[in-house]
Structure formats: C-alpha cells, structure tokens
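Tertiary structure, described
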Amino acid sequence: MPFFSCLFSRRAGSSTKRPFEVVEELSGIHKTKLYTYKELRIATDDFSPINKIGEGGFGSVYKGRLKGGRLAAIKVLSAESRQGVKEFLTEINMISEIEHENLVKLYGCCLEENHRILVYNYLENNSLAQTLLGGGHSSIQFSWRTRSRISIGIARGLAFLHEEVRPHIVHRDIKASNILLDKDLMPKISDFGLAKLIPPNMTHVSTRVAGTIGYLAPEYAIRGQLTRKADIYSFGVLLVEIVSGRCNTNTRLPIEEQYLLERTWQLYERRELVGLVDSSLNGDFDAEEACRFLKIGLLCTQDTPKLRPSMSTVVKMLTGEKDIDGDKITKPGLISDFMDLKVRGPEKSSSEMKNTSSYNPSSSYNLSTQNTSCATMTFTAPYDRST
Ligand SMILES: Nc1ncnc2c1ncn2[C@@H]1O[C@H](COP(=O)(O)OP(=O)(O)OP(=O)(O)O)[C@@H](O)[C@H]1O
Ligand SMILES: [Mg+2]
C-alpha cells in the first residue's frame, strides 16, 4: 500500500523498528480507513479553492467527492502533528469508532509524509453559525419545532460524548460553527476529539472570530480549567442563541443588549424571558417551552461549575421529562473584566493579561470597543478527561 511505503521512508531513520514490525503494530491499531494523498487530491480537484468550504483554527476544509461517489468534508490540519503516526492513529481510531446520530462521522484520515488530513461525512446544510446566525444569508427557515429538535439533538450528542464514550470526551469548542446540519436539519456536532491531535502549543481556543469568547466558561477562559462543565456552559450559550436567533455578542445593538447572556439574565429577573425569543418567528412558538429552554440555558451557564446540570439531565429538562421549576438559577458567569482587558488591546501584552486579569462575577460585560472581531487570545489548557 502506498501509505505504508511512504511511512517507512519517513520513519526509517528515526525508528529502531524494522518496517514489517511497524506494519504489524499499525495494522493492529488502525481500524480506521486510511486515504492516500493522491486519492484526496483527486477528490478535491487538487485542493482547488473552488472546493474550499471553510477555514477554522485547525486548517482548511474542502468539499470532495471520494472514489465511489460519496461526498466528504476534507479537513487539512495546518500544523504538523508532533505525535508520531502511531499516537495519531490511536486518537483517530478512537474518534472514528464513535457513532451517534448527532455527531459528525469521521470516515478516515491521511497521514502521508507531513500531511495530517481528516475525512468527514459531508453535511449539506452548513453550520448553525452560517444559517441560523448568519444574518439572513441563508434561505432556511428555522421554525420553533426545528429549533427545539436541533437543541435536543445537540444536547444528546454532547451527553453521549460526556457520559457514554469511554474515556469520556470534553469537546472544548462547542459553538454554532461546530454544529452542522444535514439535509433534514438534523444537528451534528463536529470537531470532537481534535484537541489531542495537534501539538500542545496549538491546543488553544482561537478567538479570532467574534463570538467565540462568549462561549467560554469563565473558569476555563481565565484559569484554564477544562472539564465537562465548561462544555455545558458553552452549550448553555448556544441554546440561548438558538432560541433568540442572536449571536452571543452583537456590538451593533444598544449597550444593554450587546451581550446575550447578560440580557437573558436581566429579562429572567424581570420575568420577561419571552421577549428574547426570535422575533422572526412572528409569535409562532410554544412560549412555555421557549422560556424553559432559556432557563435551561441559564442553568448551564451558572458561574459555579458544580451548579450546572449534567448533559443527560439537560436532555431530560429539554424534553420535559424533568421539571426545572424547583431549580434555583444563579447569575451566569461572565468573563467581563478579562474581556475588557483583552479587547482594550495593545497596552498590555498577552502574558501580562494572563497574569493580571481577574474574574469578577459580580460585574457585567463592559467592553468599550466595537472591535471584538480583532481580539485574539491564546492559551493552553490542561486537558482533563477525569471530571
Ligand atoms: N463535515 C462538514 N460538512 C460540511 N461542511 C463542513 C464540515 N466540516 C466543516 N465544514 C465547513 O467548514 C467550515 C470550517 O470548519 P472548521 O471546523 O475548520 O472551522 P470552524 O468550525 O469555523 O472553527 P474551529 O476551527 O474552531 O472549529 C465550517 O464552518 C463549515 O462551514
Ligand atoms: Mg469546526
């Protein structure tokens, strides 16, 4: 196989193992499909810009047609993995074994020479970021029923990663652009398990794109504490976005409405949550259910991680199997001071920011500039699968 021959030429100098030993080892490990680089070049018409469908923190994504006619999303990882082929394959193997109707399926990968390419099931209807939150550039109408189905689907997918997969997976980047929609608008979570595939100095949450900061749980953003509860926080933000049809941050709105979570809390305290539901629904929604969803969003984003419900509990709350009326809701955790420091910009270096920024749960967002899209923040968080 071409894959193995190229592998041998790369490893010949660095490994003491003889080629046939590596083959034996690898064939024991990989159950995942291995694509040749040539195959993927053909599928994407030589990675033609015409076939490029997006670019994220991990690299570029191309639409391609595989041998046999199946469509695929082909993600070319930008940084060469520091892991050896064996470690990379072990992780890939774990991801490709995961199957759930609300998770994007990994078909396989390519690891020829320095290439690290992932091949996924192609989803026809793009991401929630480009459709529901895309500012009217999509023709898809999201009825209340559809939003409810999407929210429950995402919750089920995340509950599966958190509670069924062993060892469990913290996604670490739950956000609207990582929720893809199939032809029936069934939601699929993408990019789970990627954290371990890239070098430690790349394992950051990129906030190049406005809005990403708004999904980060304060304890993760500030102290780098990454647990399932950080994902649950991000899910809570996403849920409020789905119900309201608004991005978590919109600096074009009047100041008191710019930060969605803060706005949700204000309306909750005034018992006016229904006012947050997307006006494009023209009142055609189940008000009781929509307000329940918003309250669940608030429960998920509470400042104290322990108070946030587990994802399986969230599923029950969303479907109405579990009553939430008895649950006290405390104020959401907001990364106000941290954001203020960061977005105010270049007076401080990022390392100074890391040392001096503090989290003040009692204050609200107080961004002073309109330029959230230029904000950048990187940090390396300990990856914790045990909590
Ligand atoms: N399986 C897929 N099917 C269809 N389109 C996809 C698929 N995967 C990714 N895309 C498209 O490519 C875009 C870029 O995806 P990518 O995951 O690289 O970046 P992102 O989600 O915007 O950010 P991040 O790198 O933080 O995940 C997505 O927004 C989506 O439009
Ligand atoms: Mg993504």
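For clarity, every value in this text was computed on a predicted model and none was experimentally measured.

Of the regular secondary structure elements, the protein chain holds 12 helices and 8 strands. Of all intrachain contacts in the protein chain linking residues separated by at least 6 positions in sequence, the fraction that spans at least 24 positions is 69%.

With an omega of -10 degrees, the peptide bond running from Arg166 to Pro167 counts as cis. Its location among the elements puts Pro167 in the loop between helix H5 (144–164) and strand S7 (179–181). Even without being a glycine, Phe47 presents a positive backbone phi close to 50 degrees. By the element assignment, Phe47 lies in the loop between helix H3 (37–43) and strand S2 (52–56). Unusually for a residue other than glycine, Asn282 sits at a positive phi of about 50 degrees. When you line up the elements, Asn282 lands in the loop between helix H8 (260–269) and helix H9 (287–300).

Where strands meet in a sheet, backbone hydrogen bonds hold them as pairs that are either parallel or antiparallel. With respect to topology, 6 strands assemble into an open sheet ordered S1-S5-S6-S4-S3-S2, the strand pairing being mixed. Of all the strands in the sheet, just strand S1 (33–34) and S2 have a single pairing partner and so form its edges.

What follows covers the site of ligand 1. In the vicinity of ligand 1, 24 residues are found, and the nearest of them are Gly54, Gly56, Gly57, Ala73 and Ser177. Broken down by secondary-structure element, the contributors of at least two residues to the shell around ligand 1 are S2, strand S4 (71–77) and strand S6 (117–121). Looking at the shell around ligand 1, the element that brings in the most residues is S2, giving 4 residues. Considered class by class, the residues forming the shell around ligand 1 number 9 nonpolar, 11 polar and 4 charged. The residues that make up the shell around ligand 1 include at least three from each of domain 1 (20–121) and domain 2 (144–381).

As a further point, take helix H4 (residues 85–96). Over its 12 residues, H4 extends 16 Å from the first C-alpha to the last, a length consistent with the 16 Å expected when each residue adds 1.5 Å. Of all the positions in H4, only Val85, Leu89, Ile92, Ile95 and Ser96 are classed as buried. With its buried residues spanning 120 degrees around the axis, H4 presents them on a single face.

In this section: the packing of H5 against helix H10 (residues 311–319). Where H5 contacts H10, the two axes come as close as 8 Å, and the packing angle between them is 160 degrees. Put simply, H5 runs roughly antiparallel to H10. As H5 packs across H10, the resulting crossing turns out to be left-handed. In contact with Ser151, Ile152, Ala155, Arg156, Leu158, Ala159, His162 and Glu163 of H5, H10 contributes Met311, Ser312, Val314, Val315, Leu318 and Thr319. Split into classes, the residues belonging to the contact of H5 with H10 amount to 8 nonpolar, 4 polar and 2 charged.

Time to look at the pairing of strand S5 (residues 106–110). Taken together, the 2 bridges between S1 and S5 define a ladder with parallel strand orientation. Each residue of the ladder has a partner; that of Lys33, found in S5, is Gly108. Where S5 meets S6, 4 bridges bridge the pair, whose relative direction is antiparallel. Each residue of the ladder has a partner; that of Cys110, found in S6, is Ile117.

As annotated by UniProt and renumbered to match this structure, "binding site: ATP" (unreviewed entry) occupies Lys75. Along the chain, Lys75 falls in strand S4. Ignoring any residue separated from it by four or fewer positions in sequence, one finds Lys75 in contact with Phe58, Gly59, Val61, Ile117, Leu118 and Tyr120.

Rules used throughout
- Residues numbered from 1 in each chain as written.
- Chains lettered and ligands numbered in written order.
- Predicted model: local features only at pLDDT ≥ 70, side-chain atom pairs only at ≥ 80, totals over all residues.
- Helix = DSSP H or I, 4+ residues; strand = E, 2+ residues; numbered from the N terminus.
- Contact = placed C-beta atoms within 7 Å.
- Pairing = 2+ DSSP bridges.
- Near = placed C-beta within 6 Å.
- Nonpolar A, V, L, I, M, F, W, Y, C, P; charged D, E, K, R; others polar.
- Domains from an automatic or database assignment.
- Expected span 1.5 Å × (residues − 1).
- Buried ≥ 20, exposed ≤ 12 C-beta atoms within 10 Å, placed from the backbone.
- Arc of directions from axis to C-beta.
- Axes fitted to C-alpha atoms, helices over the stretch in contact; angles between N-to-C directions.
- Parallel < 35°, antiparallel > 145°, perpendicular 65-115°, else oblique.
- Left-handed = near helix turned anticlockwise from the far one by under 90°.
- UniProt positions renumbered as here; feature names shortened; annotations may be inferred.

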